[in-house]
Amino acid sequence: MTRLITRRHPAALARRAVAGLALLLAGGCALLTPPPDPVGLDDRLAAFPTQNLPLDGPVTVRWNGFQVPYIEAESDADAAFVLGMVHAHLRLGQMEVAKRVAAGRLAEMGGPLLSDIDVALRTLGFGRAAEATLAAMPADSRLWLDRFVDGVNAYKASLPADRLPHEFRVLDLDPAEPWRAEDSIAVGRLAGVDINWLAWFALLPYADEPDFQALYAAARRLGRDGAASFAAADLVAEAAPADGAASPLARAARLAVLLGRTGSNSFAVAPDRSTTGAALIANDPHLGFNLPNIWFIAGLRSPSYQVVGMATPGVPVFGFGRTPTLAWGGTNLRSLNSDLVDVSDLPADRFRTETAELGVRFWHDETIDIRVSPYGPVITDAETVPSINGRDVALRWIGHQPSDEISALLAAARADTVPAFRDAMAGFGVPAQNFIVADTAGNIGHVVATRLPRRSADELDRLLTTPDRADETWADLADAGDLPFVLNPAAGYVASANNRPGPSTVPIGTYFPTDERIRRLAHLLGGSAPVGLDDLAAWQQDVYSPLGVELRDAVLARLDRTPAAADTPDRRRARVVLSAWDGRYEASSREALAFEHFLVAYTETLAEGLGRQRDFTVFGDLGFSRTITLRLTPTAEEMAWRRAVRAGLDAAVAAHDGGGVWGDIHRLTLQHFVLGRVPVLGERYRVVDIPIDGSRQTLYKTSHDLTTERHSAPFGSQSRHLSDLGDPDANYFVLLGGQDGWLNSDNFTDQLALWLDGDFVQMPLTPAAVAVAFPRVMTLQPR
């Protein structure tokens, strides 16, 4: 059957969903297949093929006790081939699922309830630019990628059916389907999703309301400037609430964002500020909390490369790491890498139709047609995407253009200075990054790497652009050479926490997070005392909330002016409890729990009292609920404020008297990234549920909604890196979870203890130190 991407009757959708649910539950018995038995490191390494391989010469792979590999090859082509084998050995199940997500093939694994999300993923088209990207790739990069792909497939072909990862059986994955170069490109694009899509999908349900433009403008100002630009007047007139159900396109975007780099901290210290006299660097990406982790640790040496760092499974480069001369990390730039283009007036012959087969497990396969304009897929054809004033709207995204991140990161691994690293980023498009870089010559720098349309500043305040304007602004895209660059600043450090970078002649974007983390980093890095790696490690675990303290202090200051608001002994005692909070979201803190109860009751009651629940909801979805509450606290109408503060004080004292602590409701749950999310049957794939430090915008980020219910943080800090550029062996990495993606492997979650203790896995570069750190040695032999 052929399905056009058009709106369907709700009853038909309901019937299809019920039928799909019944079939999914019937097929769900596959999940009753028990996970594999526990397996030790020696048994896992015994599965790695070593003989009769398509290599130019012998290759050595060294392993440590965490199943971290270090590859030593006499040719780059052999290094790439074995790197592909290592990816497949450690994360083949994860890779196969990720490529199906990127291709919009969820229903093949999970059944008809996922087909609408597949349509949305295919509309977004993460692999749409793969063919053009590969065609433009330099020969040496293409050889590296092709040999990597060969290594993935060689490892997979070596596995007997009973040694395939558990995901193959449960999700009905075809082991005969090869990994392709296009898959590596699409998985990389999936990690490069434009963060602005989530902001758009939060706002679009209100697009047809009379006050939408005011709401949209307020959101843009808030995302651009934070609390300083926000006033009560920005809470525009209330309108009827929109349908709260997320569309498949919104869910697809959220899925991609959780798989991509949604946050991070990265900072470097100049030699004259460090205790070692060399530059220091620290990185901790903020991503979804899943097992296995989206990263794994590896080392590699070949004629052109020597690098230790972290890689994304299926992508043949290191996302961040260290070479003998340089180290780097990054944070999501949150740049506006997309436009919504009004294509309503284009003639029909300017559109083409992409037809694709949609495989559906437990149901009939389908054929889908997606309308694509010269400016990208027409997203308003999707059945649940909100109308935008009745217009046909296409999504134009940098990820739909050919760009070469593989060549850029290979060149970065060969660079020897910060300026050379910037030069390497000329072809880098997605994910848009703030790269923090340090080198052994003592340079530190901040490199902004992406490709952007050359818009005017006022165009960022418009939801839609025209085809003519899109033609003009996208004709000559800006790249890293046109975007902000900081080298050796007088402050003696560089840092990024997803905040807006410095002044730019090319407007970068508007939806940046609160400045809470970057202000905290500036405070810590701006001191006069020399800084060492131990300091950087401690700051990666910092749980102090500047914005929380400012909000608490603003409330207490207004209470000082109107003490009658705390009109009972319990409310006065709650005030004392709030005053006693040190601003730290430690899992063992009673005061942190009391403050969060205060914050939720205070914010919700204030929104209700002002009659602005919708606006708090919309801005809260964008991450600014506390910013708004802080801004309104000094000036909110008196009776509404008194009701809100009393509700908050009552909630705080009740929570404090209950004897609970922050970790009672704020939890870290680690589960299989797919199977752990299945209702009921997924319980067997949930392996960790513990109290956890941190909060939504602390440096040690463990994100959560505005809630007092027990919850699991969905994403936050999940990997860490430290390097001292004065010592080639002083490189330290750790994962939240473990290195191995094989369920029940000894290395599936064995780094969790290191993570909680603030410890690391050392990744040296010198041959003698490598030999000590990686005592298990295997030699791979050519045919």
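Our subject is the structure that appears above.
Now for a description of the structure that goes with this document.

## Looking at the environment of A129
Counting through the fold element by element, A129 comes out in the loop between helix 5 (115–124) and helix 6 (130–136). For A129 and N498, which are 369 residues apart along the polypeptide, the C-alpha to C-alpha distance reads 26 Å. Ignoring anything within four residues of it in the chain, the contact list for A129 reads R189, G399, H400, Q401 and P402.

## What to know about the environment of T505
Tracing the sequence through the fold places T505 in the loop between strand 18 (493–496) and helix 16 (516–525). Judged by relative accessible area, T505 falls into the exposed class, the value being 77%. As a C-alpha pair, T505 and A478 span 27 residues in sequence and 10.0 Å in three-dimensional space.

## A closer look at empty space enclosed by the protein
Overall, the coordinates contain six cavities of 30 Å³ or more when judged by the stated rule. Taken as a whole, the second largest cavity spans an internal volume of roughly 110 Å³. Lining the second largest cavity are 17 residues, with H89, L92, G93, P165 and W742 positioned closest to its centre. The biggest single contributor to the lining of the second largest cavity is helix 3 (residues 76–102), with seven residues. Class assignment for the residues of the lining of the second largest cavity results in eight nonpolar, four polar and five charged.

## Thoughts on the pairing of strand 18
Note on strand geometry: in a regular strand, side chains alternate between the two faces of the sheet. Where burial is concerned, the two faces of strand 18 agree: the one with Y493 and A495 and the one with V494 and S496 are both buried. The sheet contact formed by strand 4 (residues 263–269) and strand 18 spans four bridges and is antiparallel. The residue of strand 18 that forms the bridge with A268 is V494.

## So, the sheet that holds strand 21 (residues 711–712)
Taken in spatial order, the three strands line up as 20-19-21 in an open sheet, and their pairing is mixed. Both outer strands of the open sheet, strand 20 (686–691) and strand 21, are each paired with one neighbouring strand and no more. The sheet contact formed by strand 19 (residues 666–671) and strand 21 spans two bridges and is parallel. From the neighbouring strand, H666 faces strand 21, where its bridge partner is H711.

## Notes on the layout of surface pockets
Within this model, the second largest pocket holds a volume of roughly 460 Å³. A103, G127, R128, R180 and A186 are, among the 22 residues lining the second largest pocket, the residues nearest its centre. Classifying every residue of the lining of the second largest pocket by side-chain character gives nine nonpolar, three polar and ten charged.

## Observations concerning the side chain of R122
Counting through the fold element by element, R122 comes out in helix 5. We note that R122 is buried and unpaired, the nearest opposite charge coming from E108 at a distance of 4.5 Å. Among the polar contacts made by the side chain of R122, one reaches the main-chain carbonyl oxygen of A103 at a distance of 3.3 Å. Setting aside chain neighbours within four positions, we find R122 in contact with A103, G104, R105, E108, R128, A356, E357, L358, I368 and I370.

## Notes on the nonpolar core
By size, the foremost hydrophobic cluster in this structure holds 184 residues, and its most contacted members are W328, F421, M425, F435, L536 and L780. Take this core: its biggest share by element is 15 residues, from helix 3. Ignoring any residue separated from it by four or fewer positions in sequence, one finds F421 in contact with L326, W328, A412, A415, F435, V437 and V447.

Definitions and limits used
- Residues numbered from 1 in each chain as written.
- Predicted model: local features only at pLDDT ≥ 70, side-chain atom pairs only at ≥ 80, totals over all residues.
- Heavy atoms only, no water.
- Helix = DSSP H or I, 4+ residues; strand = E, 2+ residues; numbered from the N terminus.
- Contact = heavy atoms within 4.5 Å.
- Buried < 20%, exposed > 50% of the residue type's maximum accessible area, 1.4 Å probe, protein only.
- 1 Å grid on protein atoms, 1.4 Å probe; cavity = no way out; pocket = protein on both sides within 12 Å on 5 of 7 lines; lining within 4 Å.
- Points joined across faces, edges and corners; volume = space filled by probe spheres on them.
- Nonpolar A, V, L, I, M, F, W, Y, C, P; charged D, E, K, R; others polar.
- Pairing = 2+ DSSP bridges.
- Lys, Arg positive; Asp, Glu negative; His and termini not counted.
- Salt bridge = Lys/Arg side-chain N within 4 Å of Asp/Glu carboxyl O.
- Polar contact = N/O pair within 3.5 Å; in protein donor to acceptor, adjacent residues only side chain to side chain.
- Core = buried A, V, L, I, M, F, W, Y, C linked by side-chain atoms within 4.5 Å.

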